[in-house]
Structures are given as structure tokens and as C-alpha cells.
Amino acid sequence: MNRERSTVQVIAHIFLGIMTVAIIAPFALMIISSLTDDHSLVLRGYSFVPAKWSLAAYEYLFNQGSTIFRAFGITIFVTVVGVTLSLVVTTMLAYTLSRGDVPGSKVMTVLVVVTILFNGGLVPSYIMYASYLHIKNTILALLIPGLLTNGYTIFMVRTYYKTSIPSALIEAAKIDGAGEFYTFLRIVLPLSLPIVATTGLLSAIMYWNDWFNGMIYINNPKLFSIQLILNRMLQDIQFLTSNAQLSAQAGEALSKIPSTSIRMAIATLGALPLLAAYPFFQKYFVKGITIGAVKG
Amino acid sequence: MKRIFTAILAGIALLGTAIGSAAQGAKPYEVVVAYIVMGNVPSDNQAVQDAINKIAVPKVGASIKLVPLGTSAYSNQLNLVLATDEQWDIIVDGTIIGIGGHIARNQVIALDELLDKYGKGIKGVLDADMIDTGKIRNGKLYGIPPVKNFAGGFGYMMRKDLADKYKIDPAKIKSLDDVEAVLKLIKQKEPDLIPLVPPNVRASPFAPTVYNAYDTLGNNGGVLMNRGASLKVENWFESAEYRKLLERMHKWNEAGYTMKGAATNTDPISTIIKTGKAFSYLANTKAGFAAQETIKNGVEMVMADIMPGFACTDNCNGWLWSITRNSKNPQKAMEMLNLLYTDPAVSTLLIDGIEGKHYVKGADGLVDFPAGIDASNSPYYYNSPWLFPNQTITPVWTGFPPSYWKDLLAYNESAKKSKAIGFVFDPTPVKSQVTAISNVIEQYSLGLEYGDMDPAVKLPEYQAKLKRAGIDKVIAEKQRQLDEWAKAKGIR
């Protein structure tokens, strides 16, 4: 019995170990390549043990100064503001939906479901945001389209409220004289911290990694986010290399594109802050998801 | 009292409307110009735009708004803008961007009349033949090519240090046989070096854009051999010349003259040369090409001419300046385009920025970056200046010969032109065949043209697949359209 269990455990450990290495290795390679001398990258290719270490890529980025750091600022601002806004909207809407006694809550539920099942498509959304709401080329274009709320998370939070917060508690608060807002802020919200942290992290990841809105709605280089800059470099390279028609001139443009180590350094800078934040959220993350899943 | 008060109020109201309408009347139409940037999007656009407007508003009676975008953002936003009514007046279009689709969806307008009336200056800087290459569909002009090198030659680029060391005289290299002798020598003397790298990432030395021994007629196989000397459309892939090139390349590959893994390489060729890993490459050349390549590679290069300059339609209409259906004032848009093509001060502002701030003029008349600024941190620098309407009326940059633009124009002038220049093939009637053919080309061309595949085995397979994809039908259609065009133009 014991031996059987330990065999299973050993296999499981080996399996998980391999998985972990498979996940960590690319990250490690990315960081190491960003610290590798450019010449040895071209001559010998990627390597975990580079022939020559170099901080040149990071020096280049720091010398560029404003562009990269501004982009960082934009990304951080958008993430902080976006997550806050999306949490306010999501938790309040989910709370309303979780209370069966609100007039019209069924209609609202259907409306939220509709946004999960269907979306307007790119061109109509673009017309809406650009021609009617006029948010093209403003910071709002990085906050609102497609990111502010998400039907899935609203339902996740709603299910959490429904199952983990006894309605008796809300009634008791009411009897003691608490108003709706007071009940929500002082009783419901503190009890739902795990799910708030989970949705907060999910939306933080989405905001941090988003480049698509920037590509579609932003023309002003001052509003470029870090992921947009990275993505643009990669797309430029792809464009130049996939268009054989570009002939001699493409080579000229291509040679001015930042080298591999610089690209890796930007990717590292883009990924690290979120990686660093992960462990602190993890305990809520696991709890929040299991509660939502098992009891829902 | 009350009456006086009312009168004053009325007076104020009148004055207010008068000022309002005066201000409105004085505000010129804003022409939005959107274009593609390959590299950093400059951050100092506003300052440059203001400087251009100081010239443009009095001259054209319209102001300009610059919208530079990165490659992927440009193609995405362009499609969205063209699908809506957002105002973009002037755009960069062309066969590379997909102008055929824009015309089919009526998103760009025909420019013939506008050009005759408001674009006279453009006709002064571009030959009629060159403008004709923008007549993409039904003989109507949908885009105007920028003034750049329209002709390309075929040449062999070598690192000067090694060429000098082994006493290789570039003037004596006249054919691929001569190149072969050089490669053999280098392989012998410098066994660690790659003798020959591809001209560009994922481009073969015998791609139509590099080895321009024939008029490509919009690509996909049906070509005019011998640099468009006759109007008979032939199958390039079945020609003896193509077979000979492939056999040569395969031989070079077996002998170890070429780069291993060239088909999967993504490092820019200039980086490979710069690191000292390789010796030479075959390239599509132009006037001042050696100077350009020296700057690009960071190593001094010398050029051997194998074939002189040659121009055909496909060299010219990859990039075109077009006016969209969304423009609310196409007349002003054309006048603005005319200004961009003809006014040296405006063109210099657009391409190089503001003097003293973005570039400085040296004693020799050449311009360079101001102290402490280079291509990587300049707030206004484009690495694709050839895309703008007219770079030849701007100052020459340090590192290039002072006569760079003159040489370029003279080169265009002297280059041999295909008989069919100005003819644009419309692939719509054979659309599915063209797609099928490009898939087959994608599958075989690099492997064969890098010499990785044995032409004795793979070339017949390639030719058979192209036949099945319908290459004969495309050639027949090309011939039909070409005959019609030649008849209308009176060319035999």
C-alpha cells in the first residue's frame, strides 16, 4: 500500500518536475538571452550558458529613456485604474444580480449572458468607439474596449455571493438598520476578498498584456504601452521578412530594428513585474477559483 | 433702460456670431495623411506638423495632419478606417498593402482628373511611365508612386577588407561564373567563413525582386524573358535559365559556399555580416548601393555589377500614395500631395524633421544627427525615407556621396525599361489559380533557390505542381490583358 503510493508519488513528482522545467526554461532562456552579448547570440544562437555576458541591451533601453519608461508608466497606470474600475463595476453588478429581489434582475442577467455569447465584431465596435464615443487616441481607449467588464467574471462573482454569503446575514444587517450600500461595503465585500483578489488578478493580467486596443485605437506614441512596443517590433520584423517584394530597401529598414538581446530585454521587463506580483495573490487565487467552481 | 440693455445684449450676440463664423471661415481644411513606419514611430510629430503647416496653409489653403503608424497597426487601422467614414485623406497603399482589394471595395478613388487639374507638379517629377504603373484597374489611376529608385540592377557585394586581402577586383566580376571563382577562393582561404549569405531574411538570390533578369508582370510565373524585350508571356519556372540557376545554386550548396539553415534564419543579414561571420551576398542593386550597404552593415562593402539597372511595373507600384473615399475634400488632398512631391522645404521637414533639432547641416552640405542623438533615440527619424513622396529634393545624409539623389535619378533614367512598363496585370479573373500558385511557390522556391533541394528531382515536381495549380491559365490571361494593353498603346 505504502509502496504503491510512493510509486505514484514518484511518477507524479517526475511528471510535475518536467512540467515545471518546461514552463520555467523558456523564461530563464529569455532572461539569459537578454543578458547575452549580441555577437555571441548571432554566432552561436541561444544558450543557457552564454559565451559572453553583457548588459548592453539594458544599457540601450535605459539610454532610450523616455520611450520605454513612458510606456511602462502607461501600462502601470492603465492596469491600476483599469483593475480598480473593473472591480467596482463587476462586484456591484454581480451583487445586484445575486440578489433575486431586485426588480429587473432577470433582464439584467440575460443582458450579461448575451455579452458572453455574442459580440459586435471588430468593425462595429470600432465605429462605436471611434465615431460615437470619440475615445480614439485617448487613454480611455486602453481602458474601456473589451477589458472593463467580462460576463464570465461577473457570473463567477455572482455565484460566489450566492453560495458563500448566507442571505440570513444580509437580512440581519437590514434588521440592524444597515442601508444597501453599507451592507455591501461593510458586510458583503470583506467576506468576498478571495473572489475579488482572483478577478482583480485576472483583469490585471488582461490589462498588463493587452496590446490589441493600443494597435487599433492609438496613434500617438506618447500613449504606447510596453506590450504594444514589444509587439510592434515583432510585427515589424515579420512584415519586413515576409514581404519578399520589399527587396533592397527592406534590408535597410530591417537592419535598424533592435537586436535580439534588446527584444528579449524588453520582454523581460514586460513580464517581470507581473511574475513578481503572482506569489502574493496565489493563495487567494486558488481559493477563489475552487469556491467559484465547486459550489457553483 | 430695458431697451438699451436688450440692444447691448443683441449687439454682443451679433458680435459673438460674427467672431465665431470668422474663426470658422478661417480654419482651413485639415488633410489627414496616414503612412506606414518600419521601426520607431517618432514622438516629435506635432512640432514637425506645425512647421509644415506654416508653409502648407498659405500655399495650399489646407493644413496637414500626420498619422505615422507601425506596420501591423497601419494595416489593421487602415482596414477599419476604410470600412468606416473616419477621415483619412491620403494613405500609403500599393500592391504590398493590398490596393486591389481597396479598389474592389471602392475605398480609394480614381485620381486621373484630380492629377490633371491639381497635381501638375507631380507630373513634373515623375515620368508618365512611372505614373502609369499606378493604373491598377481598368486603366484608371489609383495611386502615385513615390520618387525613388525604380530600376534595380543585379550585383555581388563583398567585404572590402577580405576582397583587398585576396586581391579580388570587383570590376573584373561580370558573371556568376566569376562569382563562383571568388567563392571557391574564399572557401579555401577562410574555411570558417560563410562565403555567401542570402540577400535578405527568407529571400533567395534568384527571387524575382533580386535577380531581375525578366519582367515579373505581377509575379506568379508568367514573365517576359530577357528583361521584357518581347511581349510574349512565358513560364519562368520552365525556362532553361531558371534550371541553370538552380543547378548552380545546388552545386554551391554542396560545395559549402552557401549558408546552412538559410531557410529558417531570422537574423538580419547585416547583423551576420557585421559579426564577421560571412563574406558576401548577391543583391538587387541601385545607384549608391555600396555606400548604403556599408552604412547598413557597419563594414565597408564593395560592389561588382553583374547586370545593369532594369525597371518594370512591379518595381514601381509596390508602394503608392492614394486618396481615400473618406476624404471630404479630394481636391485639397491632391493639392497637398502635389506640395509633398514638389516643395523641398516641406519634403525635408517630413522626412528629416526640423533643422538644428532633428538634424544638422555640415559644411559640405550633407546632413547628420545633432550631437548626442542617433537613429535609436532621435525624436524624429524614419528608417524608410524612400516611402515618402519625394526624397530626392531633401538633403543627402552623411556617409552617402553628395550626388546621391542625382545619381539615383540618372540611374532611373538610364536603366533599361521593360516593353511592358506601365502595364498592370489584374489577377481578378484567375484569382483562385493565383492563390494556388503562390502556395506552391511558397512551398518550393526557397528550398530550390537556396540549393538545399536537388533540382534534378524537385524541379520537375515543382513544375508539375504549378501546372496543376493552373499556371498555364494565368499565363494565358496575362497574355490576353497584355495584348489588349499593347494594342491600346500602340506597342508591338
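Placed above this text is the structure.
What this report covers is the structure whose coordinates are included nearby. (Residues numbered from 1 in each chain as written. Chains lettered and ligands numbered in written order. Predicted model: local features only at pLDDT ≥ 70, side-chain atom pairs only at ≥ 80, totals over all residues. Heavy atoms only, no water.)

**Thoughts on helix H3 (residues 71-83) of chain B**
Because each turn of an α-helix spans 3.6 residues, side chains separated by three or four positions in sequence point in the same direction.
Next up, step 1: The end-to-end C-alpha separation of H3 of chain B is 19 Å, in line with the 18 Å expected for 13 residues at 1.5 Å each.
Next up, step 2: For H3 of chain B, the complete set of buried residues consists of Thr71, Ser72, Ala73, Tyr74, Gln77, Leu78, Leu80, Val81 and Leu82 of chain B. (Helix = DSSP H or I, 4+ residues; strand = E, 2+ residues; numbered from the N terminus. Expected span 1.5 Å × (residues − 1). Buried < 20%, exposed > 50% of the residue type's maximum accessible area, 1.4 Å probe, protein only.)

**Topic: the nonpolar core**
Next up, step 1: Judged by nonpolar contacts, the single largest core of 129 residues is most densely connected at Tyr35, Tyr74, Trp88, Ile144 and Trp319 of chain B.
Next up, step 2: When residues in this core are grouped by element, the largest group, 10 residues, is from helix H4 (residues 66-98) of chain A.
Next up, step 3: If we skip the residues at most four places from it in the chain, Trp88 of chain B touches Lys136 of chain A together with Val32, Ala34, Val67, Leu69, Tyr74, Gln77, Leu78, Val81, Thr324, Asn326 and Ser327 of chain B. (Core = buried A, V, L, I, M, F, W, Y, C linked by side-chain atoms within 4.5 Å. Contact = heavy atoms within 4.5 Å.)

**Side note on the interface of chain A and chain B**
Next up, step 1: Across the boundary between the two partners, chain A contributes 43 residues, which contact 50 residues of chain B.
Next up, step 2: Summed over both sides, the interface between chain A and chain B buries roughly 4,100 Å², with carbon and sulfur atoms accounting for 59% of that surface.
Next up, step 3: Inspection of the chain A/chain B interface yields 1 salt bridge.
Next up, step 4: Between Glu86 of chain B and Lys136 of chain A there is a salt bridge, with its nearest N and O atoms 2.9 Å apart.
Next up, step 5: Only helix H2 (38-44), helix H3 (56-64), helix H6 (122-132), helix H12 (212-217), helix H13 (226-242) and helix H14 (247-254) of chain A provide two or more residues apiece to the side of chain A that touches chain B.
Next up, step 6: Ranked by the residues each element gives to the side of chain A that touches chain B, the list is headed by H14 of chain A, at 8 residues.
Next up, step 7: Here the residues of the side of chain A that touches chain B sort into 22 nonpolar, 15 polar and 6 charged. (Buried area = accessible area lost by both parts, 1.4 Å probe. Salt bridge = Lys/Arg side-chain N within 4 Å of Asp/Glu carboxyl O. Nonpolar A, V, L, I, M, F, W, Y, C, P; charged D, E, K, R; others polar.)

**A few points about the packing of helix H18 (residues 431-449) of chain B against helix H20 (residues 471-489) of chain B**
All names here are of chain B.
Next up, step 1: Two elements in contact, H18 and H20, have axes separated by 9 Å at closest approach and are oriented at 125°. Classified by the interaxial angle, the pair formed by H18 and H20 is oblique. Of the two possible hands of crossing, H18 and H20 adopt the one that is left-handed. Here Gln433, Val434 and Ile437 of H18 come into contact with H20, specifically with Ile471, Lys473 and Val474. (Axes fitted to C-alpha atoms, helices over the stretch in contact; angles between N-to-C directions. Parallel < 35°, antiparallel > 145°, perpendicular 65-115°, else oblique. Left-handed = near helix turned anticlockwise from the far one by under 90°.)

**Observations concerning the sheet that holds strand S8 (residues 278-285) of chain B**
Two pairing modes exist for strands in a sheet, parallel and antiparallel, and in both the strands are linked by backbone hydrogen bonds.
Residues and elements named next belong to chain B.
Next up, step 1: Taken together, 5 strands build an open sheet; the order of strands is S5-S8-S4-S9-S13 and the sheet is mixed. Looking at the sheet topology across the chains shown, the edges are occupied by strand S5 (194-197) and strand S13 (416-417).
Next up, step 2: The pairing of strand S9 (residues 301-311) with S13 spans 2 bridges and is classified as parallel. Residue pairing across strands places Phe310 opposite Lys416, the latter belonging to S13. (Pairing = 2+ DSSP bridges.)

**Here's the deal with the pattern of salt bridges**
Residue and element names in this part refer to chain B.
Next up, step 1: Tallied over the full model, the rule gives 22 salt bridges over all chains.
Next up, step 2: Put simply, Asp44 and Lys357 hold a salt bridge, and the shortest N to O gap is 3.6 Å. Within this pair, whereas Asp44 is found in the loop between strand S1 (29-37) and helix H2 (45-60), its partner Lys357 is found in the loop between helix H16 (344-352) and strand S11 (360-361), the two being separated by 313 residues in sequence.
Next up, step 3: Here Lys135 makes a salt bridge to Asp132, at a shortest N to O gap of 3.3 Å.
Next up, step 4: One salt-bridge network, held together by shared partners, links Asp177, Glu180, Arg248 and Lys251.

**Section: the sheet that holds strand S2 (residues 62-70) of chain B**
All names here are of chain B.
Next up, step 1: On the basis of which strands lie adjacent, the open sheet formed by 4 strands has the order S2-S1-S3-S10 and mixed pairing. Either end of the sheet is taken by a strand with one partner, and the two such strands are S2 and strand S10 (320-323). Put simply, the sheet's adjacent strands are angled 25° from each other on average, direction ignored.
Next up, step 2: Bridging between S1 and S2 involves 9 bridges; their strand directions are parallel. Paired with Val33 across the strands is Leu66, a residue of S2.
Next up, step 3: Sheet strands in contact with H2 are S1 and S2, and its direction is about 145° off that of S2.
Next up, step 4: Here H3 sits on the sheet and contacts S1, S2 and strand S3 (90-93); the angle it forms with S2, its principal contact strand, is near 120°.

**So, a nonpolar patch on the surface**
Residue and element names in this part refer to chain A.
Next up, step 1: Together, Val88, Val89, Met92, Phe181 and Leu185 make up an exposed nonpolar region whose accessible area comes to about 440 Å².
Next up, step 2: For the nonpolar patch, the secondary-structure elements that each account for two or more residues are H4 and helix H10 (180-191).
Next up, step 3: Looking at the nonpolar patch element by element, the count peaks at 3 residues for H4.
Next up, step 4: If you trace the backbone, Met92 turns up in helix H4. (Patch = residues over 30% accessible without salt bridge, like charges linked within 9 Å, V, L, I, M, F, W, Y side chains within 5 Å. Areas by Shrake-Rupley, 256 points an atom, 1.4 Å probe, with all protein chains shown as cover.)

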